[in-house]
Amino acid sequence: MMPSETDTGARIHLGAVPVELPAPVAELALQQVTVRRSHATLARTNSPWLFPGGQPGRPISAWAMGERLRKLGIRLAESRSTALFQLATGLPAAVLARTLGIDITVAVKWQRAAAGDWAAYAAEVSRRNST
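Here is what the cut-offs are and how they apply
Residues numbered from 1 in each chain as written. Predicted model: local features only at pLDDT ≥ 70, side-chain atom pairs only at ≥ 80, totals over all residues. Heavy atoms only, no water. Core = buried A, V, L, I, M, F, W, Y, C linked by side-chain atoms within 4.5 Å. Buried < 20%, exposed > 50% of the residue type's maximum accessible area, 1.4 Å probe, protein only. Contact = heavy atoms within 4.5 Å. Salt bridge = Lys/Arg side-chain N within 4 Å of Asp/Glu carboxyl O. Helix = DSSP H or I, 4+ residues; strand = E, 2+ residues; numbered from the N terminus. pLDDT = per-residue confidence, 0-100. Axes fitted to C-alpha atoms, helices over the stretch in contact; angles between N-to-C directions. Parallel < 35°, antiparallel > 145°, perpendicular 65-115°, else oblique. Nonpolar A, V, L, I, M, F, W, Y, C, P; charged D, E, K, R; others polar. Pairing = 2+ DSSP bridges. Left-handed = near helix turned anticlockwise from the far one by under 90°.

## Side note on the nonpolar core
So, step 1. One finds Ala 88, Leu 91, Ala 93, Val 95, Leu 96, Ala 97, Ile 102, Ala 107 and Ala 114 forming the largest nonpolar core, which totals 9 residues.
So, step 2. Contact partners of Ala 107, with chain neighbours within four places excluded, come to Ala 93, Leu 96, Ala 97 and Ile 102.
So, step 3. Ranked by size, the runner-up nonpolar core spans 7 residues in total, among them Ala 10, Leu 21, Ala 26 and Val 33.

So, in structure tokens, the structure goes:
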């Protein structure tokens, strides 16, 4: 859905819970609102979606968004792997699986590949809870 401006930046709904966007991303999201167009008509739209699709009231499809990103030189598979690798270094497999909605066996493989140290994660959580 569309971002809404807040005192600290912007908030966007990516499901039931709104997510606060950090300043640089918030600025980009709010800029997108002013220039967005419907995929089908290539005209301004009043759609509730940040990236409107070809059908009225629907978001852009995952495939069409992927095409836009590829044209900008963003390689989705590589970016996803990098993000998963970084998360796997600092999170236990169970947390990684639950957070991302992936199977626990996949999360364990990512953690082993990244040589993640979940003891460091547990220590960090313990420090956060004690302050």
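The rest of the description comes next.
## With respect to the pattern of salt bridges
So, step 1. Using the criterion set out here, one finds 2 salt bridges in the structure.
So, step 2. One salt bridge connects Arg 11 with Glu 20, and the closest N-O pair in it is separated by 3.3 Å.
So, step 3. The partner of Arg 70 in a salt bridge is Glu 67, and the shortest N-O contact between them spans 2.8 Å. With Arg 70 and Glu 67 both in helix H2 (residues 62–71) and 3 residues apart, the pair spans about one turn of that helix.
So, step 4. Since its relative accessible area comes to 33%, Arg 70 is described here as partly exposed.
So, step 5. The exposure class assigned to Glu 67 is partly exposed, which follows from its relative accessible area of 26%.

## Brief notes about the confidence of the model for the protein
So, step 1. Averaged over all residues, the pLDDT of the protein equals 80, while 81% of them reach at least 70.
So, step 2. When mean pLDDT is compared element by element in the protein, H2 scores highest at 90, while strand E1 (residues 4–6) scores lowest at 68.

## Side note on helix H4 (residues 93–100)
So, step 1. When we look at burial in H4, the residues that qualify are Ala 93, Val 95, Leu 96 and Ala 97.
So, step 2. At the exit of H4 stands Gly 101, carrying a positive phi of roughly 70 degrees.

## Details of the packing of helix H3 (residues 76–90) against helix H5 (residues 104–114)
So, step 1. Contact geometry of H3 with H5 gives a least axis separation of 8 Å together with a crossing angle of 80 degrees. What the angle tells us is that H3 and H5 run roughly perpendicular. Facing Ser 81, Leu 84, Phe 85, Ala 88 and Thr 89 of H3, the residues of H5 in contact are Trp 110, Gln 111, Ala 113 and Ala 114.
So, step 2. Grouping the amino acids of the contact of H3 with H5 by side-chain chemistry returns 6 nonpolar, 3 polar and no charged.

## Structural notes on the environment of Val 95
So, step 1. Of note, Val 95 is situated in helix H4.
So, step 2. Of the residues examined, Val 95 reaches a relative accessible area of 17% and is grouped as buried.
So, step 3. For the pair Val 95 and Ala 107, spaced 12 residues apart in sequence, the C-alpha separation works out to 8.8 Å.

## Quick word on the pairing of strand E3 (residues 18–21)
So, step 1. In terms of strand pairing, strand E2 (residues 9–13) meets E3 through 4 bridges, oriented antiparallel. The residue bridging Ala 10 from the neighbouring strand is Leu 21, located in E3.
So, step 2. Between E2 and E3, which pair antiparallel in sequence order, lie 4 residues; one of them, Gly 15, sits at a positive phi of approximately 130 degrees.

## Side note on the packing of H4 against H5
So, step 1. Packing of H4 against H5 leaves a shortest axis separation of 8 Å and a crossing angle of 125 degrees. As the angle between them shows, H4 and H5 are arranged oblique. Between H4 and H5 the crossing geometry is right-handed. Residues Ala 93, Ala 94, Leu 96 and Ala 97 of H4 lie in contact with H5, whose contacting residues are Ile 104, Ala 107, Val 108, Trp 110 and Gln 111.
So, step 2. Split into classes, the residues belonging to the contact of H4 with H5 amount to 8 nonpolar, 1 polar and no charged.

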